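The residues making up each chain are set out below.
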Amino acid sequence: MTTPDLLYDDTETDLRDSLRALLSTVDQSGAKLWRVLAGEMGLAGLLVPEELGGAGAGHRVAALVLEELGRAVAPVPYLGSAVVATTALLACGATDLLRPLAEGEMVAALAVPFSQSPYERSPYDGAAETPGTITSVADALSADILLVPASDGLWAVDAAGVTRTPVVSLDTTRQLCDITLDGASGWRIADAETGRAAVRAALTTGAALLASEQLGVASWCLDTTVAYVKERRQFGRAVGSFQAVKHRLADVWVDVTQARAVARYAAARAGEAGREAEVAAALAQAHCAPVAVHAAEECVQLHGGIGFTWEYPAHLYLKRAKASAIAFGTPDRHRSALGQLVDLTPA
Amino acid sequence: MSANTWEALVEELLARHPVDGDRLAFLRARFDAGLAWVHFPVGLGGLGAPRALQAVVDAELARAGAPDNDPLRNGVGLGMAAPTILRHGTDAQRRRFLRPLWTGEEVWCQLFSEPGAGSDLAAVATRAVRDGDTWVVDGQKVWTSLAHRARWGILLARSDPDAPKHLGLTYFVCDMTAPGVDVRPLRQITGEAEFNEVFLTGVRLPDDLRLGAPGEGWAVARTTLMNERVAIGGTPLPREGGPIEPLVRAWRERPGIRTPGRHDELMRHWVRAEAARLTAARLRQQLAAGEPGPEGSAVKLTHATLAQRITGFELEVLGEEGLRHDDWTPLRPERTDVSNRAPTHRYLRAKGNSIEGGTSEILRSIIAERVLGLPR
């Protein structure tokens, strides 16, 4: 098995530059930013083939977009709509919904808790009594369509007909909501078997590409902290000249370097049929989630007092990193799945 | 270098020298054909070809059953002395040293560290005093792997005690058979004596064994050290290769060692090992694409941590077996290879990984200062 290309190509490098420029200028109200990203730049359709109205650019490019969105902790539903819901719709062959999604005219969300891993069943799937609400769903507040997994298949539900209650979320840049479905109208887009496979594929791809967002979070934390400790002076010298500080940042740099290789590997394998894409996704979450949390925690600590304040953005990155480590299953859940996938069983 | 050319050279080599014939004759002919290290210049064992071609050539010759040069027997020579001689040596030095180095006829050792100069290598106190066309060397070197097998040593000595620390050094090739060279075994944590102390007393080295100009020894030594750290991450590993290999093998073969607590720890190690492997693969891709990144210094740092954690966990998992060592006698190993030893030996030997070739603390400082640009 040869290792796929883990570097960035010229297209990706160019896209990174324009995204970074955009994200540093646009005010961060999510709606306006989303119009530019999805509408003008056409980035919501990267995973959708050209004949279905998308760009057909693939997972590596989408991962690059997420990396930059992570660096900016941008409050846009890219992961939920352009990656997770799009993957589910592609797996169901629901082409009529893909075109408006790809063109940025519509936002969709998979109605499962953000913490749900690819290895477990959805709340409505197989339950004796259907729960009244689905809790802690990501990217659903701005969604037009909700994809609801149920025992008899995957349903598309008009979001206007359900009750969405915003959650006071740990991660304030990715607002969650609770959804009450009673009486909502919808139509079935896949039978039970196809729907279940579609949800698993969507959550696996979400886990794989979330690693790039985590990479972006971690690299912002590293870059910002390095810049700060060069400037901040105590005891008559830059605090970055103290070895205790240097060595902690060297370790974060090593972590980020590794996370980049792992995240690029997951992006390269994402969407492939077969076991290796699942190995890559589980590896990516098991590795990159703790790296982002550690980088954000070091960012807070090494900034000292200012890192603990509400006005300085470090807390946004810590909250994004910690919430992301719970999203799509915690690292231990992925380690456990990985054991099964590579024939290292617990007993 | 077109694909046809190297294939023709391999074919011609195999046609003229049967792989089951004289081993040394084959290796010499391989060097002369430019198939030893293809990225070296023509006439010095190479073809001036991209480094990546070497793996292809090696695989082709291995498939034909050709003997190799047993690289683990001459790690310092191949990984450190050779690139330094190529970069800083005279034409005569390159022609004299590189061929028998590559074939393994002449083993090399490294005379850098001293009792008073470990991490602070530029503090070496071994003196080299010029006496006409020769230099007289006096001092003590330590941690010298394979000095007892070596024909030559790469030597860093102080030639000008009045110059600033980094500017008073000169780099030599030391003749290990010269009078005044005294090699004594240094027994280490594993019980064996892989290393040596080397006492140099009035050793006379002709000036043509000097590598680089007098006073420029530090610059030459940096070439050696850079190559040392690159060499450690340079070999591609398959998934589950390296220190984790015996651990996952034991886990699969012996259901009795499996517990839920250990399983999560096993998978933590698996994830770290795979992340390190992919990082090294990405580094090689960067080098091949001509965009060298600073990841090289991280590869050695991670390798040391991984090897220590994994071998430590392996002992605990093995339980009673982890109490039993294979051999405490002061063996004198000829190769830097631990695969045939007990798990306890792996655990103890790995303790050296974060000390040899730059301690993990020094590597962190290098990353912080040279990569992140933090002030000294």
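Residues numbered from 1 in each chain as written. Chains lettered and ligands numbered in written order. Predicted model: local features only at pLDDT ≥ 70, side-chain atom pairs only at ≥ 80, totals over all residues.

## Quick word on the overall build of chain A
Stage number 1. Each helix and strand in chain A was counted, giving ten helices and nine strands.
Stage number 2. Along the first, second and third principal axes, the C-alpha atoms of chain A reach 70 × 50 × 40 Å.
Stage number 3. By the burial criterion, 55% of the 347 residues in chain A qualify as buried.
Stage number 4. Residue pairs in contact within chain A that sit at least 24 positions apart in sequence constitute 74% of those at least 6 positions apart. (Helix = DSSP H or I, 4+ residues; strand = E, 2+ residues; numbered from the N terminus. Buried ≥ 20, exposed ≤ 12 C-beta atoms within 10 Å, placed from the backbone. Contact = placed C-beta atoms within 7 Å.)

## Quick notes on the interface of chain B and chain A
Stage number 1. Each partner contributes to the interface: chain B provides 35 residues, whereas chain A provides 35 residues.
Stage number 2. At the level of elements, helix 7 (244–253), helix 8 (260–288), helix 9 (296–318) and helix 11 (360–371) of chain B are the ones that each hand at least two residues to the side of chain B that touches chain A.
Stage number 3. Here the side of chain B that touches chain A gets 17 residues from one element, more than from any other, and that element is helix 8 of chain B.
Stage number 4. Residues belonging to the side of chain B that touches chain A are distributed by class as follows: 20 nonpolar, six polar and nine charged. (Nonpolar A, V, L, I, M, F, W, Y, C, P; charged D, E, K, R; others polar.)

## Points about the nonpolar core
Stage number 1. Of all hydrophobic cores here, the largest spans 159 residues; its most connected members are Val262(A) and Ala266(A).
Stage number 2. At 19 residues, helix 6 (residues 192–231) of chain A tops the list of elements feeding residues into this core.
Stage number 3. Once you skip the residues sitting within four places of it in the chain, Ala266(A) turns out to touch Ala208(A), Ala211(A), Ala280(A), Ala281(A), Leu283(A) and Ala284(A).
Stage number 4. By size, the runner-up hydrophobic cluster in this structure holds 57 residues, among which are Leu35(B), Trp37(B), Leu86(B) and Val198(B). (Core = buried A, V, L, I, M, F, W, Y, C linked by C-beta atoms within 7 Å.)

## With respect to unusual backbone geometry
Stage number 1. Phi angles above zero are rare outside glycine, and Phe328(A) is one such case at about 55 degrees.
Stage number 2. With respect to the helices and strands, Phe328(A) occurs in the loop between helix 9 (314–326) and helix 10 (331–341).
Stage number 3. Here Phe328(A) falls in the buried class, since 31 other C-beta atoms lie within 10 Å of it.
Stage number 4. Of note, the phi angle at Leu146(B) is positive, near 60 degrees, even though the residue is not glycine.
Stage number 5. For Leu146(B), a count of 25 C-beta atoms within 10 Å translates into the label buried.

## Examining the confidence of the model for chain B
Stage number 1. Per-residue confidence for chain B gives a mean pLDDT of 92, with 95% of residues at or over 70.
Stage number 2. Scored as a complex, the prediction yields pTM 0.92 and ipTM 0.96. (pLDDT = per-residue confidence, 0-100.)

## So, the sheet that holds strand 6 (residues 176–180) of chain A
All names here are of chain A.
Stage number 1. Pairing is antiparallel in the open sheet, where three strands are placed in the order 2-6-5. Of all strands in the sheet, those bounded by a partner on one side alone are strand 2 (133–138) and strand 5 (163–166). Geometrically, the sheet is characterised by an average inter-axis angle of 30 degrees between neighbouring strands, direction not taken into account.
Stage number 2. Note that strand 2 and strand 6 share four bridges and pair antiparallel. The partner of Ile134 across the bridge, within strand 6, is Ile179. (Pairing = 2+ DSSP bridges. Axes fitted to C-alpha atoms, helices over the stretch in contact; angles between N-to-C directions.)

## A short note on the sheet that holds strand 4 (residues 153–158) of chain A
All names here are of chain A.
Stage number 1. Pairing is mixed across the open sheet formed by four strands, whose spatial order is 1-3-4-7. Edge positions in the sheet fall to strand 1 (108–110) and strand 7 (186–190), since each of these pairs with one other strand and no more. Between one strand axis and the next, the sheet turns by 30 degrees as a mean value, whatever way the strands run.
Stage number 2. Pairing geometry for strand 3 (residues 145–150) and strand 4, over six bridges, is antiparallel. Residue Leu147 lies in a different strand from strand 4, and its bridge partner there is Ala156.

## Some points on the environment of Leu15(A)
Residue and element names in this part refer to chain A.
Stage number 1. Relative to the helices and strands, Leu15 is located in helix 1 (residues 10–25).
Stage number 2. A residue is classified by how many C-beta atoms lie within 10 Å of it, and Leu15, with 20 of them, is buried.
Stage number 3. Separated by 297 residues in sequence, Leu15 and Tyr312 have C-alpha atoms that sit 28 Å apart.
Stage number 4. Discounting chain neighbours no more than four positions away, the residues touching Leu15 are Val61 and Leu64.

## Considering the packing of helix 10 of chain A against helix 8 of chain B
Stage number 1. Put simply, helix 10 of chain A and helix 8 of chain B touch, their axes get as near as 9 Å, and they point 85 degrees apart. With respect to their mutual orientation, helix 10 of chain A and helix 8 of chain B come out roughly perpendicular. Residues Asp332(A), Arg335(A), Leu338(A) and Gly339(A) of helix 10 of chain A form the contact with helix 8 of chain B, whose participating residues are His263(B), Asp264(B), Met267(B), Arg268(B), Trp270(B) and Val271(B).
Stage number 2. Counted by class, the contact of helix 10 of chain A with helix 8 of chain B contains four nonpolar, two polar and four charged residues. (Parallel < 35°, antiparallel > 145°, perpendicular 65-115°, else oblique.)

## Describing the domain arrangement of chain B
Residues and elements named next belong to chain B.
Stage number 1. The domain boundaries assigned to chain B delineate domain 1 (3–68), domain 2 (108–217) and domain 3 (234–371).
Stage number 2. Computed over C-alpha atoms only, the centres of domain 2 and domain 3 are separated by 30 Å.
Stage number 3. Classifying every residue of the side of domain 2 that touches domain 3 by side-chain character gives three nonpolar, five polar and four charged. (Domains from an automatic or database assignment.)

## Notes on helix 3 (residues 59–71) of chain A
All names here are of chain A.
Stage number 1. The terminal C-alpha atoms of helix 3 lie 18 Å apart, and with 13 residues this matches the ideal 18 Å at 1.5 Å per residue to within 8%.
Stage number 2. Burial analysis of helix 3 places 13 of its 13 residues in the buried class, the great majority of the element.
Stage number 3. One or two steps after helix 3, the chain reaches Val73, where phi turns positive at roughly 35 degrees. (Expected span 1.5 Å × (residues − 1).)

## Details of the pairing of strand 4 (residues 152–158) of chain B
All names here are of chain B.
Stage number 1. With seven of seven residues buried, strand 4 lies mostly within the body of the structure.
Stage number 2. Residues Trp152, Ile154, Leu156 and Arg158 of strand 4 are buried on one face, and the alternating residues Gly153, Leu155 and Ala157, pointing to the opposite face, are buried as well.
Stage number 3. Of the pairings in the sheet, the one linking strand 1 (residues 108–111) to strand 4 comprises four bridges and is parallel in character. Within strand 4, the residue paired with Cys109 across the bridge is Gly153.
Stage number 4. When strand 4 meets strand 5 (residues 169–175), the two strands line up antiparallel, connected through seven bridges. Within strand 5, the position partnered with Ile154 by the bridge is Val173.

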